[in-house]
Amino acid sequence: MRGDVYLEAKGYITHIIYHDEDNSYTVFELETHDGDTLTCTGHFPFINEGEYVQVEGEMTLHRLYDEQLKVISYEITEPDNEVAILRYLSSGAVKGIRGGLAARIVDRFGDRTFDIMEHRPEELALVKGISDKKAREISAAFGEQRQMRSALMFLQKYGVSGSIAVRIYAEYGDELYNIVKTNPYRLAEDISGIGFKKADEIAVKIGFSKDSPGRIRAGLVYLLGIAGGEGHVYLPETVLVREGIRQLEVVEDIVRDVLAVMIMDKVVICVNDGEDRRIYTPRLYYAELNSARMLIDLDIDFGGDDEELLKQIAKQESKLGENLDENQRNAILSAMRRGVSVITGGPGTGKTTTIKTLIKVLMNENLHILMAAPTGRAAKRMEEATGYPAQTIHRLLEFSGAPTDGDTYQRAERFQRNAENPLETDVVIVDEMSMVDIHLFTQLLNAITVTTRLILVGDVNQLPSVGPGNVLKDIIASGHFSVVELTKIFRQAMESDIVVNAHKILAGEQIELKNKKDGDFFFVESTDPSMILNMICESIVRTGNYYGCKPYEVQVLCPMKNGETGVKNCNLVLQRGLNPPSPDKREYKAHDTVFREGDKVMQIKNNYKLAYRIYGAGRVVIEEGQGVFNGDIGVVERVDNEFKEIEVCFDDDKHVIYGSANLDELELAYAVTIHKSQGSEYPVIILPLLGGPRPLMTRNILYTAVTRGQRCVFIIGDEPVIRRMISNESEGKRYSSLCERIRAIALH
């Protein structure tokens, strides 16, 4: 070790040996003016090969890598002569320029190259090999790089570096300076990887004192945002104050004083429910209030002769070769008579048959129908089951991009279909309603005019939506709308152990774990995590072959993310087994995850700004747009290590390019949590159950998992764990009030 030797050096970065996207730790080779090569180490959030840097630090002797300079401070100098500019551009630092092209550009423009790229990009088209379009792209990439570097240097002052800084810039652009200085707590809500503590550290460095009203106010709004992410529409005042005291580390009086001012300023809305006051963000309060009002307005009585309607139903039954029970016919009658109706029921109770018949009756009346579901996978399944076109709710409403500017907690997504431009249809049918949160539901109602029938279909016993609200349960509980619950399990469904066991689980009855030769529900006892993981790998291929589906179509569902048989570890094991490294498969590592061509992946948060393309024959672009959503599953089609990006093709044929700034939104999806599987069905599901926290090992979660399987459910694990899950009927408390809003408005 030679920590006593302090050294200053200047030169060009010739080779970046290692760069960690998360913490910016970098190892690079520096060619000095003397022609020597110096290995440097340190944290560099944004450097490129070809750049000219001045570094200062201590020489150290690494036991494996010999002498290295541990950089303490550095300064990047922009190239200012032809040799330096050529070296910089040849390194690929600017997207779209390398080698020979760099030489042609510098030959033509010399030391004016950067000025041309920034201010007169049209002149780049004079260079051989550069079109007008490519000239604009080069200029944009050059400008973006400069802006990003400036932003990263700014963020570095507040202890933010590496990939998180890149994410912040990608989210806010030039707005980040104002946001960080005025409300750094917004970062905790918007940026993956920044929690409250990190945002608070930034706030303190900016000058927020621990008990300053601005800090307390931002902290309480942040806590309400986190509650919304956990599914709550509001928080009881006592809960919010308690969390405020704990997270902000201040006394109760300060929290209550600031909250009182926030209520007066209408930053939050307070409702007295008699026991404890409820605190809402305005957006969520009005989402529930407006949804309740619009639902009641839509629920008009269309009348009609029941006898004539029943004849129509019988006629369509006969044409379809179906034999509906009384409950199914009542569901169709209600849907024809009322403006708002709900059809709910578990697996095998005939929801699909009912909807198919209802569609025929509606078409016979010359009524135009639109069908939608929350996810692309659910919409596709809906279309296959009914034979009628279906689409996602976002596509139905013609989603047009990111939320509008303004406070994070008030922003709303933009849709072309709204109150001013409503859906042109007579009937809207929405499936998998248990998945729909209050935000999306409000936007849907906003685009539906009175005299349009709204038919909501779903299984109320499924897990609630990932987003805020308890929409389907609250609508049913209000008692104000027509609700028909289908309960009869039809004979064909009774032959399925999946269906029978799902209903037993829901009723709290213990199930038989005996494997039948021609059954569709199997169990293998094991308490050895390693053995379970090996069996999962083998079973994906074996069961897939047996049931005529690809390994990609077999889905592993886990109750939790962590643990030896949790999502994270399962994905690592399954990636090695199903898509191992290969010379003909490129891969890229980001945030401790290796993404390889052919990997099955999932988008884990709504990103309204993420661009996509849909290609036709010959890779001709037939559609472009924005928006990729939480739970969308796809396959890595292409990895480009030069530009540090990967291309994913999702189930709905959307092709999306991910760069280093948003790869944290992507996860391997050979295994996913049961919650993430909502609204999807798979030919085969494999369910490892080896224990976990009691709140995650519930009857409701097991029921949801089992009902995701179409042809086969295969459980591997500990039988007592399954027994305890069936007995554990607890469900997490979700604070919502749509039911009460409906009842209150209905009284007036």
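So, here is what we can say about the structure in this document. (Residues numbered from 1 in each chain as written. Predicted model: local features only at pLDDT ≥ 70, side-chain atom pairs only at ≥ 80, totals over all residues. Heavy atoms only, no water.)

### Concerning a negative patch on the surface
Part 1: Together, Asp80, Glu82, Asp107 and Asp111 line one region of the surface with negative charge.
Part 2: Mapped onto the elements, Asp80 comes out in the loop between strand S5 (66–77) and helix H1 (82–90).
Part 3: The class of Asp80 is exposed, set by a relative accessible area of 61%. (Patch = residues over 30% accessible without salt bridge, like charges linked within 9 Å, V, L, I, M, F, W, Y side chains within 5 Å. Areas by Shrake-Rupley, 256 points an atom, 1.4 Å probe, with all protein chains shown as cover. Salt bridge = Lys/Arg side-chain N within 4 Å of Asp/Glu carboxyl O. Lys, Arg positive; Asp, Glu negative; His and termini not counted. Charge placed at Lys NZ, Arg CZ, Asp CG, Glu CD. Helix = DSSP H or I, 4+ residues; strand = E, 2+ residues; numbered from the N terminus. Buried < 20%, exposed > 50% of the residue type's maximum accessible area, 1.4 Å probe, protein only.)

### With respect to the sheet that holds strand S29 (residues 682–689)
Part 1: In space, the five strands of this open sheet follow the order S17-S30-S29-S18-S28, with parallel pairing throughout. Among the strands making up the open sheet, the edge pair consists of strand S17 (521–525) and strand S28 (671–673). Between one strand axis and the next, the sheet turns by 25° as a mean value, whatever way the strands run.
Part 2: Summarising the sheet, strand S18 (residues 554–558) and S29 pair through three bridges and their orientation is parallel. Within the sheet, the bridge partner assigned to Val554 lies in S29 and is Val684.
Part 3: In this fold helix H21 (residues 497–507) packs onto S17 and strand S30 (709–717), with an angle of close to 65° to the strand it touches most, S30. (Pairing = 2+ DSSP bridges. Axes fitted to C-alpha atoms, helices over the stretch in contact; angles between N-to-C directions. Contact = heavy atoms within 4.5 Å.)

### Looking at a nonpolar patch on the surface
Part 1: A surface patch of nonpolar side chains, amounting to about 270 Å² of accessible area, comprises Ile17, Tyr18 and Tyr25.
Part 2: Examined against the element boundaries, Ile17 turns out to sit in strand S1 (residues 6–19).
Part 3: Accessibility expressed as a relative area gives 43% for Ile17, which makes it partly exposed.

### Some words on the pairing of strand S19 (residues 587–590)
Part 1: In S19, alternate side chains face the same way, and those of Tyr588 and Ala590 are buried while those of Glu587 and Lys589 on the opposite face are not.
Part 2: By the bridge criterion, four bridges tie S19 to strand S20 (residues 593–596) in an arrangement that is antiparallel. Within S20, the residue paired with Tyr588 across the bridge is Phe595.
Part 3: Counted along the chain from S19 to the antiparallel partner S20, the turn is two residues long, and its residue His591 has a positive phi close to 55°.

### Here we look at the side chain of Asn470
Part 1: With respect to the helices and strands, Asn470 occurs in the loop between strand S15 (453–458) and helix H19 (471–478).
Part 2: Given the relative accessible area of 17%, Asn470 is considered buried.
Part 3: Those residues in contact with Asn470, other than ones at most four positions away along the chain, are Pro464, Arg734 and Ser736.

### Remarks on the packing of helix H24 (residues 699–706) against helix H25 (residues 719–727)
In a packed pair of helices, the relevant descriptors are the angle between the two axes and the axis-to-axis distance.
Part 1: Closest axis-to-axis distance for the H24/H25 pair is 6 Å, and the angle between their directions is 110°. The orientation of H24 with respect to H25, classified from their angle, is roughly perpendicular. Here H24 contributes Arg699, Ile701 and Leu702 to the contact with H25, which in turn contributes Ile722, Met725, Ile726 and Ser727.
Part 2: Looking at the contact of H24 with H25 residue by residue, the class counts come to five nonpolar, one polar and one charged. (Parallel < 35°, antiparallel > 145°, perpendicular 65-115°, else oblique. Nonpolar A, V, L, I, M, F, W, Y, C, P; charged D, E, K, R; others polar.)

As far as function goes, none of this settles anything; it's purely spatial.
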